[in-house]
Amino acid sequence: MIRGFLFDLDGVLVDTAKFHFLAWQRMAGELGIAFGHDENEQLKGVSRRASLEKILAWGGQTLPEPEMERWMATKNAWYLEYVASMTSADVLPGAAEFLRSAREAGYRIALGSASKNALPILELVGILNLFDATVDGNDVTASKPDPSVFLEGARKLNLQPHECLVVEDAAAGIEAALRAGMLALGLGTPEALPQAHRVLPDLQGQDPRSLVADLEARAAAIAHAGAEGAAAERLAASAHAAAATHSATEDAATPNTHLPS
Ligand code: G6P
Ligand code: MG
């Protein structure tokens, strides 16, 4: 039974994904590395350092550690300049209402973000007070799709992983949720998030209880189909084994049939 929600930040609660994109694109431009929306999609949910490493790899470049540190600081300074103007109007459609109604319905709420800037941003847009617990890039080092950010969130909420539903906009985040043993709601398109239990464009107009019931039903159907598939596989395997035994018996018997009587 689902008792808590774990929310990603960028692209789920606030529209900061565009600012990460602009800052990385500016840096890639200075390094002479091509960087477009396809590349950016692969950086969603990925930590700052891992993002820099990916961009450098796409450009066939490597940098010594002090240069890496300098670019991470520069990218972050640009990013913070872009986000400084954000207000409560930049909370994504339906997100604040969903957080409030989930709390009212008795669900526990945690943040599970790779960003080291998560807490000041939540405070800036006025929704930090809606969280029971937060886990961000300062608490965990392993990047999504590693499940640790969500496992730590569940731990802080005092819930088991199977009692948590993750809301994510990144393929890496959906994978992290599934690896943690949680339900996963994707925000975006089914093409970008094929592994999610369900995908919605945003949280607008969603009722937490109905959404939970729907995802639980989908997960149960998947588990049922999986169990049936496994049973069918076992059946096929035992039929195969029986056929093999049968033909081995026949093989063993065959020479005898040719023995002179
Ligand atoms: C989120 C974003 C990524 C970003 C990462 C680290 O996961 O989706 O695009 O790189 O956080 O953010 P930070 O604010 O610490 O640079
Ligand atoms: Mg995100």
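Sequence order as written defines residue numbering, which begins from 1 separately in each chain. Chains and ligands are labelled by the order in which they are written, letters from A for the one and numbers from 1 for the other. Reporting in this predicted model follows two pLDDT cut-offs: at least 70 for local features of residues, and 80 or more for side-chain atom pairs to be given and counted; totals over whole chains, interfaces and linings ignore these cut-offs and use all residues. Computation of side-chain values: all heavy atoms of the structure, hydrogens and water removed.

Asks: Which residues make up the confidence of the model for the protein chain, and what values go with them?
Replies: What pLDDT expresses is the predictor's confidence in each residue, scored from 0 to 100. On average, residues of the protein chain carry a pLDDT of 91, and 93% of them reach 70 or more. Confidence over residues 252–261 falls short of pLDDT 50; this stretch has zero contacts with residues more than four positions distant or in other chains. By the convention used here, residues are in contact when the closest approach between their heavy atoms is within 4.5 Å.

Asks: Lay out the sheet that holds strand β3 (residues 133–135) with the relevant residues and their values.
Replies: What makes two strands pair is DSSP finding at least two bridges between them. Helical segments are the DSSP runs of H or I of at least four residues, strand segments are the runs of E of at least two, and each set is numbered from the N terminus. The strand order β3-β2-β1-β4-β5-β6 describes an open sheet built from six strands, whose pairing is parallel. Taken across any chain shown, the strands that pair with only one partner, and hence form the sheet edges, are β3 and β6 (198–200). The mean angle between the axes of side-by-side strands here comes to 25°, regardless of whether they run parallel or antiparallel. Of the pairings in the sheet, the one linking strand β4 (residues 164–168) to strand β5 (residues 183–187) comprises four bridges and is parallel in character. Within the sheet, the bridge partner assigned to Val 166 lies in β5 and is Ala 184. Every axis corresponds to a line fitted to the C-alpha atoms, with the helix fit spanning only the stretch in contact, and the corresponding angles, defined between N-to-C directions, vary from 0 to 180 degrees. The strands that helix α5 (residues 95–104) touches are β1 (4–7) and β2 (108–112); relative to β1, the one it contacts most, it runs at about 155°.

Asks: Account for the coordination of the magnesium ion (ligand 2), naming residues and giving values.
Replies: Octahedral six-donor coordination of a metal ideally yields angles of 90 or 180 degrees, compared with 109.5 degrees for tetrahedral four-donor coordination. Metal coordination here is assigned from N, O and S atoms located within 2.8 Å of the ion, or within 3.2 Å for Na, K and Ca; omission of water means that sites may look incomplete. Taken together, Asp 8 (OD), Asp 10 (O) and Asp 169 (OD) make up the protein donors of the magnesium ion (ligand 2), found 2.0 to 2.2 Å from the metal. Taken in sequence order, the residues that donate to the magnesium ion (ligand 2) follow the motif D-x1-D-x158-D. For Asp 10, a relative accessible area of 14% translates into the label buried. Whether a residue is buried, partly exposed or exposed follows from its accessible area with a 1.4 Å probe, protein chains only, as a fraction of its type maximum: under 20%, in between, or over 50%, in that order.

Asks: For the environment of Ala 219, give the residues involved together with the corresponding values.
Replies: On the secondary structure map, Ala 219 appears in helix α9 (residues 208–258). Judged by its relative accessible area of 18%, Ala 219 falls in the buried class. Considered as a pair, Ala 219 and Tyr 79 are 140 residues apart in the sequence and their alpha carbons are 37 Å apart. Setting aside anything within four residues of it in sequence, one finds Ala 219 in contact with Leu 183 and His 197.

Asks: Give me the lowdown on the nonpolar core, citing residues and values where you can.
Replies: Joining through side-chain atoms within 4.5 Å is the link that ties buried Ala, Val, Leu, Ile, Met, Phe, Trp, Tyr and Cys residues into a set, and such a set is a nonpolar core. Judged by nonpolar contacts, the single largest core of 54 residues is most densely connected at Phe 5, Phe 7, Leu 13, Ile 127, Leu 165, Val 167 and Leu 185. At seven residues, helix α1 (residues 17–31) tops the list of elements feeding residues into this core. In this structure, Ile 127 is in contact with Leu 13, Val 91, Ala 96, Leu 99 and Leu 122, ignoring residues within four places of it in sequence.

Asks: Hey, could you go over the pairing of β4 for me, with residue numbers and the actual values?
Replies: Taking burial as the measure, the five residues of β4 include five buried ones, the bulk of the element. Side chains Cys 164, Val 166 and Glu 168 project from β4 onto one buried face, and the interleaved Leu 165 and Val 167 project onto a second face that is buried too. Viewed along the sheet, the connection from β4 through helix α8 (residues 171–179) into β5 turns out right-handed. When the strands point away from the viewer and the path from the first strand over the helix to the second turns clockwise, the crossover is right-handed.

Asks: I'd love a proper account of α1, names of residues and values included.
Replies: By this rule, a helix spans an expected 1.5 Å times one less than how many residues it contains. Its 15 residues place the ends of α1 21 Å apart at the C-alpha level, agreeing with the 21 Å of an ideal helix rising 1.5 Å per residue. Every buried residue of α1 is accounted for by Ala 17, Phe 19, His 20, Phe 21, Ala 23, Trp 24, Met 27, Ala 28 and Leu 31. The secondary structure elements touched by the buried residues of α1 are α2 (37–41), α3 (48–58) and α4 (65–83). Of the residues flanking the end of α1, it is Gly 32, one or two places downstream, whose phi is positive at about 75°.

Asks: Give a description of the site of ligand 1 that names residues and reports values.
Replies: A single heavy atom is enough: if one lies within 4 Å of a molecule or strand, its residue is considered near that molecule or strand. Around ligand 1, a shell composed of 13 residues is seen, among which Val 46, Arg 48, Ser 115, Lys 116 and Asn 117 lie nearest. Pairing of N or O atoms within 3.5 Å defines a polar contact, subject to two protein rules: one partner must be a possible hydrogen donor and the other a possible acceptor, and residues neighboring in sequence count only if both atoms are side-chain atoms. A distance of 2.8 Å separates an oxygen atom of ligand 1 from a polar backbone atom of Val 46. Between ligand 1 and the protein, one listed contact pairs an oxygen atom with a side-chain N or O atom of Ser 115 at 2.6 Å. Tallied by class, residues from the shell around ligand 1 come to three nonpolar, five polar and five charged. The residue classification treats Ala, Val, Leu, Ile, Met, Phe, Trp, Tyr, Cys and Pro as nonpolar and Asp, Glu, Lys and Arg as charged. All others, Gly included, are polar.

Asks: Go over the packing of aromatic side chains, please, and point to the residues and values.
Replies: What counts as a ring pair is set by centres within 6.5 Å for rings of Phe, Tyr and Trp (its six-membered ring), and what kind of pair is set by the plane angle: stacked under 30 degrees, edge-to-face over 60, tilted for all other angles. Taken as a whole and judged by the stated rule, the model has seven aromatic pairs. Taking the centre distance of 5.1 Å and the plane angle of 75° together, the rings of Phe 5 and Tyr 107 count as edge-to-face. Here Tyr 107 lies in the loop between α5 and β2 and Phe 5 lies in strand β1, a separation of 102 residues in the sequence. Accessibility assignment for this pair places Phe 5 and Tyr 107 in one class, buried. Ring-pair connections join several aromatic residues into one group, and the members of that group are Phe 5, Phe 7, Phe 98 and Tyr 107. Over the face of the ring belonging to Trp 71 we find Arg 70, whose NZ or CZ atom lies 5.0 Å from the ring centre. The criterion for a charge sitting over a ring is simple: Lys NZ or Arg CZ within 6 Å of the ring centre, and within 35 degrees of the ring normal. Across from the ring centre of Tyr 79, 4.8 Å away, lies the NZ or CZ of Lys 75, which sits over that ring.

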